[in-house]
Amino acid sequence: MAKLDTTYLGLNLKSPLIVSSSGLNSSVERIQKYQDFGAGAVVLKSLFEEQILHEVSHLEQYSDYTEASDYLKHYVSSNNVQEYINMIKAAKSAVNIPVIASINCVSDSQWLTFASRIQEAGADALEVNIFYLPLDPHRQAGEYEKVYASIAEKLHKVISIPVSYKLGAHFTNPLNIIEQLRYRGAKGVVLFNRFFEPDLDIHSMKVVPATIFSNPSDIRYTLRWVGIASHLIPEIDISASTGVHDGEALIKMILAGASSVQVCSAIYRNGPQHIQSMLLTLTEWMGQKGFKSVADFKGKLNLGAIPDPTHYERSQFMKYFSNYE
Ligand SMILES: Cc1cc2nc3c(=O)[nH]c(=O)nc-3n(C[C@H](O)[C@H](O)[C@H](O)COP(=O)(O)O)c2cc1C
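The shown structure was predicted, so the numbers you read here are calculated from the model rather than taken from an experiment.

Along its length, the protein chain carries eleven helices and 13 strands. Looking at the protein chain as a whole, 49% of its 325 residues qualify as buried. Within the protein chain, contacts between residues at least 6 apart in sequence are counted, and of these 70% link residues at least 24 apart. Taken as a whole, the protein chain presents about 17100 Å² of accessible surface, with 53% of it coming from carbon and sulfur.

Shown next, in the form of structure tokens:
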């Protein structure tokens, strides 16, 4: 019988499938269901630095008194944090799979104090989701990237639970960012986050939110970098995210070298029982191939394991596909 247990960030997971950070994990009852259907871990919805700041500035409009305004600021930020802390504690006492907290941040300052409270509340690990849109044409890419290193440098002085960094897909050199984070104490990276994006409605002539869910074909960009990074930076754990909608995609990510695989859109679309069906596909496939454990096939098709690395490295269509007309 195939064994699905694996390790990620030094944590023991009973399966490699993690329910991604999102509203899916906002209720303890749902987290219990994910555990029952075989999820190896959950990542709680992010505590957003931006959300707290937004609420504070919104409340300020209703207060003419500095003292009252200070009180409201404190009340709102501590309640947000307190709710989050309560959620960690509630989830930890309800399930025995790892509960990973998540913070979305854009700077290396205010939120750092939250991190120690998250650790004290019992989170098994912290996923740090850093993203800001570079809107200053005069600021060089390297300056933006320095924030990642600076966050990691400060964070690892404050907490000792394992930390992973959930990265966006658009770095000039993702490997260098991963390496910089690893050097500063990261145990893992999540490749890649998928962000909220705008669309245009040509009838109403308005900017509208694009669909928030991914498609199965979105797996490919992630697959390439999991395959490359797992070979070139083997010391760090990779959790694959974006476009994993079925058991086959989950298998592909592990073959490419992922230690765990995160699923979000597919659970929103198909419900929590989809976890079980994805894991069934995995178990059956392992049986057919004769793999007894996840470790038996992890990375078996990454950059270093295949005879022809150009499959991962090739990026231009020219030459190879010139017969397509
Ligand atoms: C409704 C929704 C809410 C999300 N909220 C968060 C969040 O709070 N923090 C975060 O890091 N990612 C968040 N994500 C991103 C997901 O965790 C995931 O990385 C992304 O959807 C790609 O995975 P998928 O293709 O399996 O959907 C959210 C995604 C969706 C669809």
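All right, on to the packing of aromatic side chains then. Applying the stated criterion across every chain, the model contains seven aromatic pairs. Geometrically, the ring pair formed by F192 and Y221 is tilted, given 5.5 Å between the ring centres and 45° between the ring planes. Taken as a pair, F192 in the loop between strand 9 (188-191) and strand 10 (198-201) and Y221 in helix 7 (residues 219-232) lie far apart in primary sequence, 29 residues in all. Where F213 meets Y268, the ring centres are 5.2 Å apart and the plane angle is 40°; that geometry is what we call tilted. With a gap of 55 residues between them, F213 in the loop between strand 11 (206-209) and helix 7 and Y268 in helix 9 (residues 265-270) connect regions that are remote in the sequence. Taking relative accessible area as the criterion, Y268 reaches 37% and is therefore assigned partly exposed. Linked through ring pairs, W285, F291 and F297 together constitute an aromatic cluster. Just above the ring of Y144 sits the side chain of R139; from NZ or CZ to the centre is 4.3 Å.

Turning next to the environment of L181. Tracing the backbone through its elements, the reader meets L181 in helix 6 (residues 174-183). Residue L181 is classed as buried on the basis of its relative accessible area, which comes to 0%. Here the alpha-carbon distance between L181 and A152, two residues 29 residues apart in the chain, equals 6.3 Å. Here L181 is in contact with Y148, A152, Y165, L167, A186 and V189, once residues within four sequence places are set aside.

Further remarks concern helix 1 (residues 28-36). All of the buried residues in helix 1 are V28, I31, Y34 and Q35. All buried residues of helix 1 lie within an arc of 115° about the axis, which places them on one face of the element. Of the residues in helix 1, the exposed ones pointing more than 90 degrees away from the buried face are E29 and D36. In the segment just after helix 1, G38 is the residue with positive phi, at about 110°.

Take a nonpolar patch on the surface next. Together, F131, L133 and L135 make up a nonpolar patch on the protein surface, roughly 330 Å² of accessible area in all. When you line up the elements, L133 lands in the loop between strand 7 (125-130) and helix 5 (141-158).

Taken together, 20 residues are adjacent to the ligand, and S21, S46, N129, S214 and S265 come closest. Backbone polar atom of C264 to an oxygen atom of the ligand: 2.9 Å apart, as the coordinates give it. In the model, an oxygen atom of the ligand is placed 2.5 Å from a nitrogen or oxygen of the S265 side chain. Against a free-state accessible area of 610 Å², the protein chains account for coverage of 90% of the ligand.

What follows concerns the pattern of salt bridges. Taken as a whole and judged by the stated rule, the model has seven salt bridges. The shortest N-O distance in the salt bridge between K154 and D108 comes to 3.1 Å. With K154 in helix 5 and D108 in the loop between strand 6 (99-105) and helix 4 (112-120), the pair connects residues that are 46 residues apart, well separated along the chain. The class for K154 is partly exposed, based on a relative accessible area of 37%. Notably, a salt bridge pairs R184 with E153, separated by 2.8 Å at the nearest N-O pair. Placement of the pair is R184 in the loop between helix 6 and strand 9 and E153 in helix 5, with a sequence separation of 31 residues. Each of E179, R182 and E235 takes part in one network of salt bridges that share partners.

At their nearest, the axes of helix 4 and helix 5 sit 9 Å apart, and the two run at 40° to each other. Classified by the angle between their axes, helix 4 and helix 5 sit oblique to one another. Of the two possible hands of crossing, helix 4 and helix 5 adopt the one that is right-handed. Of helix 5, the residues touching helix 4 (which contributes L112, A115 and S116) are K154, L155 and V158.

Here is what the cut-offs are and how they apply
Per-chain numbering applies: the sequence of each chain, read as written, is numbered from 1 onward. With the structure being a predicted model, the display of local features is reserved for residues of pLDDT at least 70 and the display and counting of side-chain atom pairs for 80 or more, all residues being used for whole-chain, interface and lining totals. Processing note: side-chain calculations cover all non-hydrogen atoms of the structure and skip hydrogens and water entirely. A run of H or I in DSSP becomes a helix once it reaches four residues, and a run of E becomes a strand once it reaches two; helices and strands are each numbered from the N terminus. When a residue's accessible area, from a 1.4 Å probe over protein chains only, is under 20% of the maximum for its type it is buried; when over 50% it is exposed; and in between it is partly exposed. Whether two residues are in contact is decided by their heavy atoms: any pair within 4.5 Å suffices. Per-residue and other accessible areas were derived by the Shrake-Rupley procedure at a 1.4 Å probe size, with only the shown protein chains allowed to occlude residues. The rule is short: rings of Phe, Tyr and Trp, with Trp giving its six-membered ring, pair when the centres are within 6.5 Å, and they are stacked under 30 degrees, edge-to-face over 60, tilted in between. Here, a charge over a ring means that NZ of Lys or CZ of Arg falls within 6 Å of the ring centre while also lying within 35 degrees of the ring normal. Note that the arc is computed from the directions linking the helix axis to the C-beta atoms. Without a salt bridge and with relative accessible area above 30%, a residue can belong to a patch; like charges are then joined within 9 Å and nonpolar side chains (Val, Leu, Ile, Met, Phe, Trp, Tyr) within 5 Å. Basic side-chain nitrogens of Lys or Arg form a salt bridge, by our definition, when they fall within 4 Å of a carboxyl oxygen of Asp or Glu. In these notes, residues near a molecule or strand are those with any non-hydrogen atom within 4 Å of it. Under this definition, polar contacts are N or O atom pairs within 3.5 Å; protein pairs additionally need one hydrogen-donor-capable and one acceptor-capable atom, and for neighbouring residues in sequence, both atoms have to be side-chain atoms. All axes are obtained by fitting lines to C-alpha atoms, using only the stretch in contact for helices, and the reported angles, taken between N-to-C directions, cover 0 to 180 degrees. In this scheme, roughly parallel covers angles under 35 degrees and roughly antiparallel covers those over 145, while 65 to 115 is roughly perpendicular and the rest are oblique. Left-handed describes a crossing whose near helix is turned anticlockwise from the far helix through less than a right angle; right-handed describes the clockwise counterpart.

Shape descriptors only; they carry no functional weight alone.
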